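# Coordinate inspection notes
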Amino acid sequence: MTNKHLHLLGFAAAGMLMIGTGAYAAVKLQGAGATFPGAIYSKWFDEFQKPKDAPQINYNPIGSGGGIRQLTAGTVDFGASDMPMSDEAIKAVKKYHVLHFPTVLGGVVPTYNVEGVTGDLNFTGPLLADIFSGKVAKWNDPAIAKVNAGVKLPSKDITLVHRSDGSGTTFVFTDYLSSVSPEWKSKIGAGATVNWPGGLGAKGSEGVAGQVQGTPNSISYVELFYAIQNKMPYGAVQNKSGKFLKASLETVTAAAAGAAQAMPEDFRVSIVNAPGANAYPISTFTWLLIPDKFEDAQKKKAVVDFLRWMLVKGQTYASALSYAPLPKEVVAKEEKQIAKIQ
């Protein structure tokens, strides 16, 4: 499907929603979760609720872990996460089954503030694992110098910065490190929270960004959107093909290409360290977590209408905010899953 077709379909979908919004009885939806897609969700909800009498959607970007907790507790109508819920977490939700709906794609990037360094730095996966585990502790360590020939690196201690809250961004980053470093996988592992060997904790993507910007010789990980929005330098990461790549819409999309063809029926999949010469290795889908049953028929209608709008018109806003739109194969599968919402 071409961009032109998506554009036309988007206006058609939007038109249908405008006609039908009169059926809503001042519906208000409350959601919470991932900060990773916060910018695109804010844009989507603003656009979706512009028509008169449209349902109102409030979203609290408290992190993926918080979104899953609130969904499980029944205090929100939907959650959002950068990591798929585990089988155990899904079973813990007693009232209904949780459906996963991929929304957009994004990348997680290593961002840094190194004295005297203004250009891009290169990192391999094992090197990032050694830095964040504390094994590589100075910026002029030979392991960093080896992949950054010609860069004058300071003889300064590396200050690690990480998320202090339960974060899907942390999950994606540590999932990647676990995929490239057996030592990281066995000692620290992947999770929304992990037992970091040291460093400074900061809450939310904004907190991490601010901490790195204010701390000389620090390094952390943030979403591609936050690095671009805050004009933060971020490094190139060596992919599975041996190529050093910076995150971009093109390289994140390339990482999703193979996954789209083999997407599982429940959409729970990791695409870190994906094959492909142009695949950025720390890429991910991000998901809306939607109950398969709603006691309130008006809320069900609002959620279903939003999901249909998101899959067509919503995708046209992604690129401008540094997210990659969903592959058409995934959109087609999601349209079928919407019918499971009762």
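Okay, so let's go over this structure. (Residues numbered from 1 in each chain as written. Predicted model: local features only at pLDDT ≥ 70, side-chain atom pairs only at ≥ 80, totals over all residues. Heavy atoms only, no water.)

### Section: the side chain of Ser322
Positionally, Ser322 belongs in the loop between α12 (297-312) and α13 (328-337). For Ser322, a relative accessible area of 14% translates into the label buried. With sequence-adjacent residues up to four places away left out, Ser322 is seen in contact with Leu224, Phe225, Ile228 and Leu249. (Helix = DSSP H or I, 4+ residues; strand = E, 2+ residues; numbered from the N terminus. Buried < 20%, exposed > 50% of the residue type's maximum accessible area, 1.4 Å probe, protein only. Contact = heavy atoms within 4.5 Å.)

### A look at the sheet that holds strand β8 (residues 218-223)
Spatially, the eight strands line up as an open sheet ordered β2-β1-β3-β11-β4-β8-β6-β7, and their pairing is mixed. The two strands at the open ends of the sheet, each matched to only one other strand, are β2 (56-60) and β7 (200-202). For this sheet, the mean angle separating the axes of adjacent strands, direction not counted, is 25°. Strand direction decides the pairing type here: strand β6 (residues 159-163) and β8, joined by two bridges, are parallel. If you follow Thr159 over to β8, its bridge partner there is Ser218. Along the sheet face, α13 touches β4 (98-113) and β11 (283-291) and points at about 140° away from the line of β4. (Pairing = 2+ DSSP bridges. Axes fitted to C-alpha atoms, helices over the stretch in contact; angles between N-to-C directions.)

### What to know about the sheet that holds strand β9 (residues 236-238)
Read from one edge of the open sheet, three strands run β5-β9-β10, paired in mixed fashion. Looking at strand neighbours, the two that pair on one side only are β5 (122-123) and β10 (244-245), the edges of this open sheet. Sheet analysis places β9 next to β10, joined by two bridges and oriented antiparallel. Residue pairing in the sheet places Gln238 in a bridge with Phe244 of β10.

### Here's the deal with the packing of aromatic side chains
Applying the stated criterion across every chain, the model contains 23 aromatic pairs. Relative to Tyr59, the ring of Phe45 has its centre 6.0 Å away and its plane inclined at 55°; by these criteria the two rings are tilted. One end of the pair, Phe45, is in helix α2 (residues 38-48); the other, Tyr59, is in strand β2, and 14 residues separate them in sequence. Taken individually, Phe45 and Tyr59 each receive the classification buried, so the pair is uniform in this respect. Consider the rings of Tyr59 and Phe78, whose centres lie 6.4 Å apart with planes at 5°: the pair is stacked. On the criterion of sequence distance, the pair formed by Tyr59 in strand β2 and Phe78 in strand β3 (residues 78-81) is long-range, its members being 19 residues apart. Like Tyr59, the residue Phe78 is buried in the burial classification. Aromatic rings pair up to connect Tyr41, Trp44, Phe45, Phe48, Tyr59, Phe78, Phe306, Trp309 and Tyr317 into one cluster. Across the ring face of Tyr234, the terminal group of Lys246 is positioned such that the distance to the ring centre comes to 4.0 Å. (Phe/Tyr/Trp six-rings, centres within 6.5 Å; stacked < 30°, edge-to-face > 60°. Lys NZ or Arg CZ within 6 Å of the ring centre and 35° of its normal.)

No statement about biological role is implied by the geometric values presented.
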